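In case you want the letters, here they are:
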Amino acid sequence: MTGITQGGGRRGVQPLALGYLALFVLLAAAAIAIAIFGNARDGEPSATIDIAPPPSAPQHRAVQTARPSFKPTVPPANATVPAAIVPPVIGKAVYANGALIADPALIEQTSQGPLPRIADDGRTPMAAYAPAVARDGRPRIAIVVSGLGISAKATAAALAELPPGVTLAFAPYSDDAQRWVAEARRLGHEVLLEVPMEPFDFPDSDPGAQTLRVNVSEDANIQRLTWSMTRFTGYAGVTNLLGGRFLSDSDSLAPVMTFLARRGLFFFDGGASAHSEASNVARQTATPFVGSDTTIDNIQTAIEIDARLSELESRARANGVASGSAFIYPISIERISAWAKSLSDRGFVLVPASAIVQPPK
């Protein structure tokens, strides 16, 4: 009995010992593997994420009202914004280098800003803010360059290079627009206001929050027009910022033209639409009007721009007057400036747009 008990105990202990041995071998192998290859979790990537605080209220508003194509830009260090010479409330006439910039007699003071009006003595902003032009019988050419006031650098370059005879059109969105307009007037330029109008590809091309639209009410469009017209003073007329579709709709355009005529301003059609009704509507509403005969820089190369300028000369020679429009592209500024230097030698005179306006009939 005893032998059997002892023998059975020895047979039970042997498998247990083998099990412990196997476990020891596995643990040892694992330790060796970790020593060689490292802990599996040691290789897991980790990252520290810096979460920015939410923007303050003013930053949030700026994003809400940003305009993709026409929002104001911060002036670069090499484009000094001119000093402010027109006060917020205009109590007396303001001149710069003899050029009138603001006249309380020509302004209706509103909560939004100065709205042009015909003075009690009959003077119009169109006449008061237009540079004097000699009448010597030479063929006249007017060129309107638009897009000023959007980029401080581009605006400063245009004012530095373009001759005084070129008319400059300013967008209404920059807070510094009045300063730039005053500088343009000081240098002898006629100034126009660019009013944002609906293009055919709206909203892919969006002139801004105050765009005149075809499918809104007349009152809404006049409110938007008034907003643009109160951004600054010193302009003799209005032109379109984009606006192909709006200019092609006479029913939408007529109230706008009537409003401009009653405020003593003229309208310059920059050529945004081949189907523009602006000339016809201006005639129907007795609005002083002039339209661009050609867009000088549809193709932005020196050769093409020079060719369009030459075409203007041919048209002026044949008809006595001609008008062109351009954008504030550097190549446009360069070629117009070079062309104008010898224009008088070729028997032409560069005049502001108001000098070739078709009077209402």
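See the structure shown above.
Residues numbered from 1 in each chain as written. Predicted model: local features only at pLDDT ≥ 70, side-chain atom pairs only at ≥ 80, totals over all residues. Heavy atoms only, no water.

Here's the deal with the packing of aromatic side chains
Put simply, the test is: When the centres of two rings from Phe, Tyr and Trp lie within 6.5 Å, Trp using its six-membered ring, the rings pair. Their planes under 30 degrees apart give stacked, over 60 give edge-to-face, and anything left gives tilted. Here a helix means four or more residues in a row that DSSP labels H or I, a strand means two or more in a row labelled E, and each is numbered from the N terminus. Working definition: with a 1.4 Å probe on protein chains only, accessible area under 20% of the residue-type maximum means buried, over 50% means exposed, and in between means partly exposed.
Going through the model one piece at a time under the given rule, you end up with five aromatic pairs. Between the aromatic rings of Phe 170 and Phe 232, the centroid separation amounts to 6.4 Å while the plane-to-plane angle is 70 degrees, which identifies the pairing as edge-to-face. Of the two residues, Phe 170 is situated in strand β6 (residues 167-170) and Phe 232 in the loop between α6 (218-229) and β8 (237-242); the sequence distance between them amounts to 62 residues. With respect to burial, Phe 170 and Phe 232 carry one shared label: buried. Taking 5.5 Å as the distance between ring centres and 80 degrees as the angle between the ring planes, the aromatic pair formed by Phe 232 and Tyr 235 counts as edge-to-face.

Some points on the packing of helix α4 (residues 152-161) against helix α5 (residues 177-186)
Rules: Orientation is described by axes fitted as lines to C-alpha atoms, over the contacting stretch for helices, and by angles from 0 to 180 degrees between their N-to-C directions. An angle below 35 degrees is read as roughly parallel, one above 145 as roughly antiparallel, one from 65 to 115 as roughly perpendicular, and any other as oblique. Any pair of residues with heavy atoms lying within 4.5 Å of one another is described as a contacting pair. Gly is put with the polar residues, along with every residue not named as nonpolar or charged; the nonpolar set is Ala, Val, Leu, Ile, Met, Phe, Trp, Tyr, Cys and Pro, and the charged set is Asp, Glu, Lys and Arg.
At a minimum axis distance of 11 Å, the contact between α4 and α5 shows a crossing angle of 10 degrees. Here α4 is positioned roughly parallel relative to α5, judged by the angle of their axes. Between α4, through Ala 152, Thr 155, Ala 156 and Leu 159, and α5, the contact on the second element is made entirely by Trp 180, Glu 183 and Ala 184. Each residue belonging to the contact of α4 with α5 can be placed in one class, and the counts come to five nonpolar, one polar and one charged.

Some points on the side chain of Ser 325
Threshold: Here a polar contact is taken to be a pair of N or O atoms separated by no more than 3.5 Å, where protein atoms must pair a possible hydrogen donor with a possible acceptor and residues adjacent in sequence count only if both atoms sit in side chains.
Checked against the element boundaries, Ser 325 lands in strand β12 (residues 321-327). Overall, Ser 325 belongs to the buried group, its relative accessible area being 7%. At 3.1 Å, the side chain of Ser 325 forms a polar contact with the side chain of Ser 292. When sequence neighbours within four positions are dropped, the list of residues in contact with Ser 325 reads Val 144, Phe 268, Gly 270, Ser 292, Thr 294, Thr 295, Ile 296 and Asp 297.

A closer look at helix α10 (residues 302-319)
Just so we agree on the cut-off: One fewer than the residue count of a helix, multiplied by 1.5 Å, yields its expected span. Directions from the helix axis toward the C-beta atoms define the arc.
Over its 18 residues, α10 extends 26 Å from the first C-alpha to the last, a length consistent with the 26 Å expected when each residue adds 1.5 Å. Within α10, the full set of buried residues consists of Ile 305, Arg 308, Leu 309, Leu 312, Glu 313 and Ala 316. Projected down its long axis, α10 shows its buried positions confined to an angular sector of 150 degrees, all on one face. Residues of α10 that are exposed and point more than 90 degrees away from the buried face comprise Ile 303, Arg 317 and Ala 318. Once α10 ends, the next one or two residues include Gly 320, with phi positive near 90 degrees.

Looking at the pairing of strand β2 (residues 99-102)
Sheet faces and side chains relate simply in a regular strand, where the side chains alternate between the two faces. For the record, the criterion: Strands pair, by our definition, only if DSSP identifies at least two bridges between them.
Direction of pairing for strand β1 (residues 94-96) relative to β2: antiparallel, over a ladder of three bridges. Residue pairing in the sheet places Val 94 in a bridge with Ala 102 of β2. Linking β1 back to β2 in an antiparallel pair, the connection comprises two residues, with Asn 97 at a positive phi of about 55 degrees.

Overview of the nonpolar core
Condition: The term nonpolar core refers to a set of buried residues drawn from Ala, Val, Leu, Ile, Met, Phe, Trp, Tyr and Cys, joined through side-chain atoms within 4.5 Å.
Formed by 57 residues in total, the largest nonpolar core has its most connected members in Ile 143, Val 145, Leu 168, Phe 170, Leu 225, Met 229 and Phe 267. Among the elements that take part in this core, helix α8 (residues 250-262) stands out by supplying five residues, more than any other. Dropping the residues within four chain positions of it, Ile 143 is found in contact with Val 166, Thr 167, Ile 296, Leu 309, Leu 312, Gly 324, Ile 336, Trp 339, Leu 350 and Val 351. Among the nonpolar cores identified, the runner-up in size contains 18 residues, and Ala 142, Val 144, Phe 266 and Ala 353 belong to it.

Let's talk about the environment of Gly 324
Locating Gly 324 in the fold gives a position in strand β12. Separated by twelve residues in sequence, Gly 324 and Leu 312 have C-alpha atoms that sit 7.2 Å apart. If sequence neighbours within four positions are ignored, Gly 324 has contacts with Ala 142, Ile 143, Val 144, Phe 268, Ser 292, Thr 294, Ile 296 and Leu 312.

Regarding the environment of Leu 192
Among the structural elements, Leu 192 can be located in strand β7 (residues 191-197). The spatial distance from the C-alpha of Leu 192 to the C-alpha of Gly 234 is 8.4 Å, given a sequence separation of 42 residues. Apart from the residues lying within four places of it in its own chain, the contact partners of Leu 192 are Val 144, Thr 167, Leu 168, Ala 169, Phe 170, Phe 232, Tyr 235, Gly 237, Val 238, Thr 239, Phe 266 and Phe 268.

Overview of the side chain of Arg 185
To be explicit about the condition: Note that His is not counted, nor are the chain ends; the positive residues are Lys and Arg, and the negative ones are Asp and Glu. Salt-bridge detection follows one rule: a side-chain nitrogen of Lys or Arg within 4 Å of a carboxyl oxygen of Asp or Glu.
For Arg 185, the position within the fold is in helix α5. Notably, Arg 185 is buried but unbridged: the nearest opposite-charge side chain belongs to Glu 190, and the N-O separation is 7.1 Å. With residues up to four places along the chain from it excluded, the contact list for Arg 185 reads Ala 96, Ala 99, Leu 100, Ile 101, Ala 128, Tyr 129, Pro 131, Val 191 and Gly 234.

Let's talk about the pattern of salt bridges
The final tally for this structure, using the stated rule, is 14 salt bridges. Asp 121 is the salt-bridge partner of Arg 123, the closest N and O atoms lying 3.1 Å from each other. Exposure remark for Arg 123: the relative accessible area of 32% places this residue in the partly exposed category. Between Glu 334 and Arg 335 there is a salt bridge whose closest N-O contact spans 3.7 Å. A relative accessible area of 41% means that Glu 334 is categorised as partly exposed.

Without other data, these values stay purely geometric and don't point to any function.
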